[in-house]
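A look at the structure
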Amino acid sequence: MSHLVVFDLDGTLTRQRGGFELLHTLYGTTPEAEALMNRFEAGEITFTEWCQGAVDVWRANDITRSDITRATRALKPKAGAVDLLAHLQQTDIRFGILSAGVANLAARFEPYEPAFVRGNWLRFEDRRVSAIDIGVGPNEKGELLRKIRSKQNPVSITYIGDSHTDTEAFIEADTAVLFDPDERVPETAIDAADTIIESADIAEVQNCIPTA
């Protein structure tokens, strides 16, 4: 089998650091988002409850499937992302996306044929946002990457991410690249990375990807 490259989504393939944050900004629900984040950071609610809280806010504001589609189109790819994914598409190197954010937003990169997209999927009822399927928590990427390795059976895995949610994946991957780090990235993530790229141009990551 070929090598496998796994990308984080928010802040790695996209310029936006957070999909939930982007949607709250677009829909004018930032005050509710801040209240939810304060409760989450205080340990008052779980990650699942935090995600569902966001969905409840959006449903109350009549956010629809069409709104999410428009938000996906508003996503700005990271500099070099389109060219890098197009390059991988033309080689024998598969890639996938593993995100603790809103997985629906990864549709922006469907033309490049990812082998998989794992994340948290918004669901709809009568065209309105109704629920969210939690597939990736903030500390679960290492375990999920092990499962992906077992299923995909690659020669090796290169993982590329930018934040604290990528720490466990860095540990599990054969090659770990901390790319354009979030300003809040912890020392544990820095220590777990094999390579740190401060540039915001993801084309520079290509040198970290095996060619054969």
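Quick look at the structure, then. (Residues numbered from 1 in each chain as written. Predicted model: local features only at pLDDT ≥ 70, side-chain atom pairs only at ≥ 80, totals over all residues. Heavy atoms only, no water.)

Right, let's get into the overall build of the protein. Helix and strand content of the protein: 8 helices and 7 strands. In terms of overall dimensions, the protein is globule-like: its C-alpha atoms have a radius of gyration of 17 Å, near the 17 Å expected for 212 residues. Dimensions of the protein, computed from the C-alpha atoms along their principal axes, are close to 50 × 35 × 30 Å. Contacts in the protein between residues far apart in sequence, at least 24 positions, make up 62% of those at least 6 positions apart. When the accessible area of the protein is evaluated, it comes to approximately 10,100 Å², of which 46% is carbon and sulfur surface. Positive and negative side-chain charges of the protein, numbering 21 and 34 respectively, have mean locations separated by a distance of 7 Å. (Helix = DSSP H or I, 4+ residues; strand = E, 2+ residues; numbered from the N terminus. Rg over C-alpha atoms; globule rule 2.2 N^0.38 Å. Contact = heavy atoms within 4.5 Å. Areas by Shrake-Rupley, 256 points an atom, 1.4 Å probe, with all protein chains shown as cover. Lys, Arg positive; Asp, Glu negative; His and termini not counted. Charge placed at Lys NZ, Arg CZ, Asp CG, Glu CD.)

Bringing the packing of helix α2 (residues 30-41) against helix α3 (residues 47-60) into the picture now. Where α2 meets α3, the axes come as close as 10 Å, and the angle between the chain directions of the two elements is 165°. When the axis of α2 is compared with that of α3, the two are roughly antiparallel. Seen along the crossing, α2 lies across α3 with a hand that is right-handed. Packed against α2, whose contacting residues are Glu 32, Leu 36, Met 37 and Phe 40, the element α3 presents Phe 47, Trp 50, Gly 53, Ala 54 and Val 57 at the interface. Classifying every residue of the contact of α2 with α3 by side-chain character gives 7 nonpolar, 1 polar and 1 charged. (Axes fitted to C-alpha atoms, helices over the stretch in contact; angles between N-to-C directions. Parallel < 35°, antiparallel > 145°, perpendicular 65-115°, else oblique. Left-handed = near helix turned anticlockwise from the far one by under 90°. Nonpolar A, V, L, I, M, F, W, Y, C, P; charged D, E, K, R; others polar.)

Here the focus is the environment of Pro 154. Relative to the assigned elements, Pro 154 resides in the loop between α6 (141-152) and β5 (157-161). Residues Pro 154 and Glu 187, 33 residues apart in the sequence, show an inter-C-alpha distance of 29 Å.

A word on the packing of aromatic side chains. Tallying each qualifying case throughout the model produces 8 aromatic pairs. Relative to Trp 50, the ring of Phe 20 lies with its centre 4.8 Å away and its plane at 50°, an arrangement referred to as tilted. Highlighted residues: Phe 20 in helix α1 (residues 19-27) and Trp 50 in helix α3, separated in sequence by 30 residues. Pair check on accessibility: Phe 20 and Trp 50 agree, each one buried. We note Arg 108 situated over the ring of Phe 109; from NZ or CZ to the ring centre the distance is 6.0 Å. (Phe/Tyr/Trp six-rings, centres within 6.5 Å; stacked < 30°, edge-to-face > 60°. Buried < 20%, exposed > 50% of the residue type's maximum accessible area, 1.4 Å probe, protein only. Lys NZ or Arg CZ within 6 Å of the ring centre and 35° of its normal.)

So, about the nonpolar core. Within the largest apolar cluster, 45 residues are counted, with the highest numbers of intra-cluster contacts made by Phe 7, Leu 13, Leu 23, Trp 58 and Leu 122. Examining the composition of this core, we find that 7 residues originate from one element, α3, more than from any other. Those residues in contact with Trp 58 that lie beyond four places of it in its chain are Phe 20, Leu 23, His 24, Tyr 27, Thr 29, Ile 63 and Leu 122. Formed by 20 residues, the second largest nonpolar core is a distinct cluster that contains Val 6, Phe 116, Leu 145 and Ala 193. (Core = buried A, V, L, I, M, F, W, Y, C linked by side-chain atoms within 4.5 Å.)

This paragraph deals with the pairing of β5. Looking along a regular strand, one sees side chains alternate from face to face of the sheet. Counting buried positions over the 5 residues of β5 gives 5, a clear majority of the element. Residues of β5 alternate between two faces, with Ile 157, Tyr 159 and Gly 161 on one and Thr 158 and Ile 160 on the opposite face, all of them buried. Note that β5 and strand β6 (residues 175-179) share 4 bridges and pair parallel. Paired with Ile 160 across the strands is Val 177, a residue of β6. The β-α-β motif built from β5, the intervening helix α7 (residues 167-172) and the parallel element β6 has right-handed crossover chirality. (Pairing = 2+ DSSP bridges. Right-handed = clockwise from strand over helix to strand, strands pointing away.)

Moving on to the pairing of β6. Counting buried positions along β6 yields 4 of 5 residues, so the element is predominantly enclosed. The sheet contact formed by β6 and strand β7 (residues 195-197) spans 3 bridges and is parallel. Residue Phe 179 lies in a different strand from β7, and its bridge partner there is Ile 197. Following the backbone out of β6, through helix α8 (residues 187-192) and into the adjacent parallel β7, one traces a crossover that is right-handed.

Before going further, it helps to examine the pattern of salt bridges. Inspection of every chain in the model, using the stated rule, returns 14 salt bridges. The salt bridge partner of Arg 17 is Asp 162, with a shortest N-O separation of 2.7 Å. One end of the pair, Arg 17, is in the loop between β1 (4-7) and α1; the other, Asp 162, is in the loop between β5 and α7, with 145 residues separating them in the sequence. Note that Asp 133 is salt-bridged to Arg 123, the shortest N-O span being 2.6 Å. Taken together, the residues span a long stretch of sequence, with Asp 133 in strand β4 (residues 128-133) and Arg 123 in strand β3 (residues 117-125) at a distance of 10 residues. Several salt bridges share partner residues, and in doing so they unite Arg 17, Lys 78, Asp 162 and Asp 180 into one network. (Salt bridge = Lys/Arg side-chain N within 4 Å of Asp/Glu carboxyl O.)

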